[in-house]
Amino acid sequence: MMLCDIGVNLTNSRFKEDLFEVVGAARSAGVVKQIITGTNVYESQAATKLTQQFDGVYATAGVHPHDAANVENDFAEQLKSLYSHPHVVAVGECGLDFNRNFSPPEAQKSVFEAQLQLASEFNMPLFLHERDAFDTQIAMLKQFPRAFGVAHCFTGDTAQLKAYLDLGLYVGITGWLCDPKRGDALREAVKYLPLERLLVETDAPYLVPKNVPGKKRRNEPKYLSYVIDVLAELLVVSSTTIAENSWRNSHQLFGLNTNA
Ligand SMILES: [Zn+2]
């Protein structure tokens, strides 16, 4: 069983000491491809560098809404220089997060819009983040009819899932699904997620799936199969079916090389 973790934060300081072991353990667990999430220009540059150190490791390049207020004037130019790199496969993580407004909504909107433009200019998929900003986010996406990509770490309800599917987006499912305390709406929603649109991700080091045995404080890409198992149960298919479909979808959306 070969797996691709489409969202892993390998540049996070919690992986600094043992990054080689983490990537190796993931490979041994079948997670032979990973896409590192770039959350601002600096992190995206660091993520891009890491793709050169490991086989099967890719990166996104973009600015997370939390970082929108901190961008330099030429951030779009800096991102552009990363998009020609063969292992940079998406624009993002980008979008809107009005939950605590770490950046003011106006800054978030303008930085998101710039990235929507970059994605269309480079014909690249978007790696989308959204929290408490669904209506504004969907309205902005609709202004870019050629936009395509993934709603990463989707935690919404059935209506939101269907709206994303209507836009042609893929949907990324994390260990949020495995948390009996808070995943109810999501567990209901995924029943409407077609196999040809699903992607799986750990969002490591965050969101340890609750079905991982023991009390783990740090999530790792090697735990991806725990997300897959819960998804399989809810969709009433085998874990192999989820694995095969998410593998194929990852390659299709991000244009990954099937041999490397
Ligand atoms: Zn996110």
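Heads up: the structure comes first, above all this text.
Residues numbered from 1 in each chain as written. Predicted model: local features only at pLDDT ≥ 70, side-chain atom pairs only at ≥ 80, totals over all residues. Heavy atoms only, no water.

Draft legend 1. Geometry of the overall build of the protein chain. Broken down by element type, the protein chain carries 9 helices and 8 strands. For a compact globule of 260 residues, the expected C-alpha radius of gyration is about 18 Å, and the protein chain comes in at 17 Å, within 12% of that figure. Across its three principal axes, the protein chain shows a C-alpha extent of roughly 45 × 40 × 35 Å. Relative to its full complement of 260 residues, the protein chain shows a buried share of 55%. By element, 48% of the accessible surface of the protein chain is carried by carbon and sulfur atoms, the whole surface being about 11600 Å². Between the centroid of the 24 positive side chains of the protein chain and the centroid of its 30 negative side chains there is a distance of 5 Å. (Helix = DSSP H or I, 4+ residues; strand = E, 2+ residues; numbered from the N terminus. Rg over C-alpha atoms; globule rule 2.2 N^0.38 Å. Buried < 20%, exposed > 50% of the residue type's maximum accessible area, 1.4 Å probe, protein only. Areas by Shrake-Rupley, 256 points an atom, 1.4 Å probe, with all protein chains shown as cover. Lys, Arg positive; Asp, Glu negative; His and termini not counted. Charge placed at Lys NZ, Arg CZ, Asp CG, Glu CD.)

Draft legend 2. Structural context of the coordination of the zinc ion. Distances from the zinc ion to its protein donors, Glu93 (OE), His129 (ND1) and His152 (NE2), fall at 1.9 to 2.5 Å. Donor residues for the zinc ion, ordered by position in the chain, follow E-x35-H-x22-H. Here Glu93, found in strand β4 (residues 88-97), pairs with His152, found in the loop between β6 (149-151) and α6 (158-166); they are 59 residues apart in sequence, far enough to count as distant. A relative accessible area of 5% places Glu93 in the buried class. (Donors = N, O, S within 2.8 Å, 3.2 Å for Na, K, Ca; no water.)

Draft legend 3. Inspection of the nonpolar core at higher detail. Ile173 and Leu231 are the most contacted members of the largest nonpolar core, which has 57 residues in total. Every residue in contact with Ile173, bar those within four places of it in the chain, is listed here: Leu186, Val190, Leu193, Leu199, Val200, Glu201, Val227 and Leu231. Ranked by size, the runner-up nonpolar core spans 15 residues in total, among them Cys4, Tyr58, Val150 and Leu256. (Core = buried A, V, L, I, M, F, W, Y, C linked by side-chain atoms within 4.5 Å. Contact = heavy atoms within 4.5 Å.)

Draft legend 4. Focus on the packing of aromatic side chains. If you walk through the whole model with that rule in mind, you get 5 aromatic pairs. Between Phe134 and Tyr164, the ring centres sit 5.2 Å apart and the planes meet at 65°, which makes this aromatic pair edge-to-face. In this pair, Phe134 is assigned in helix α5 (residues 134-142) and Tyr164 in helix α6, connecting sequence segments 30 residues apart. Residue Phe134 is classed as buried on the basis of its relative accessible area of 13%. With a centroid separation of 6.0 Å and 80° between ring planes, the pair formed by Phe154 and Tyr164 is classed as edge-to-face. Note that Phe154 is positioned in the loop between β6 and α6 and Tyr164 in helix α6, a separation of 10 residues in sequence. Judged by its relative accessible area of 4%, Phe154 falls in the buried class. A relative accessible area of 3% places Tyr164 in the buried class. (Phe/Tyr/Trp six-rings, centres within 6.5 Å; stacked < 30°, edge-to-face > 60°.)

Draft legend 5. Looking closely at empty space enclosed by the protein. Across all of its chains, the model carries 1 cavity of 30 Å³ or more by this definition. Roughly 40 Å³ of volume is contained in the largest cavity. Here the residues of the lining of the largest cavity sort into 4 nonpolar, 2 polar and 1 charged. (1 Å grid on protein atoms, 1.4 Å probe; cavity = no way out; pocket = protein on both sides within 12 Å on 5 of 7 lines; lining within 4 Å. Points joined across faces, edges and corners; volume = space filled by probe spheres on them. Nonpolar A, V, L, I, M, F, W, Y, C, P; charged D, E, K, R; others polar.)

Draft legend 6. Expanded view of the layout of surface pockets. Approximately 700 Å³ is the volume found for the largest pocket. Those elements giving two or more residues to the lining of the largest pocket turn out to be β4 and β5 (126-131). Examining the composition of the lining of the largest pocket, we find that 3 residues originate from one element, β5, more than from any other. As a volume, the second largest pocket reaches approximately 210 Å³. In terms of lining, the second largest pocket is formed by Leu10, Thr11, Asn12, Ser13, Phe15, Lys16, Leu19, Tyr42, Glu43, Ala46 and Leu50. Sort the elements by how many residues they give to the lining of the second largest pocket and helix α2 (residues 41-51) lands first, with 4 residues. The class makeup of the residues in the lining of the second largest pocket is 6 nonpolar, 3 polar and 2 charged.

Draft legend 7. Spotlight on the environment of Lys191. Tracing the sequence through the fold places Lys191 in the loop between α7 (184-189) and β8 (198-200). Residue classification places Lys191 among the partly exposed residues on the basis of a relative accessible area of 45%. Filtering out sequence-adjacent residues up to four positions away, Lys191 remains in contact with Leu234 and Leu235. Within the local environment of Lys191, its side chain forms a polar contact with the side chain of Glu188, the two groups lying 3.2 Å apart. (Polar contact = N/O pair within 3.5 Å; in protein donor to acceptor, adjacent residues only side chain to side chain.)

Draft legend 8. Quick look at the packing of α5 against α6. The interhelical angle for the contact between α5 and α6, taken along N-to-C directions, is 10°, at an axis separation of 11 Å. Here α5 lies roughly parallel to α6, going by the angle between them. When α5 is examined against α6, the residues Phe134, Gln137, Ile138 and Leu141 are found in contact with a partner set consisting of Gln160, Ala163 and Tyr164. The class makeup of the residues in the contact of α5 with α6 is 5 nonpolar, 2 polar and no charged. (Axes fitted to C-alpha atoms, helices over the stretch in contact; angles between N-to-C directions. Parallel < 35°, antiparallel > 145°, perpendicular 65-115°, else oblique.)

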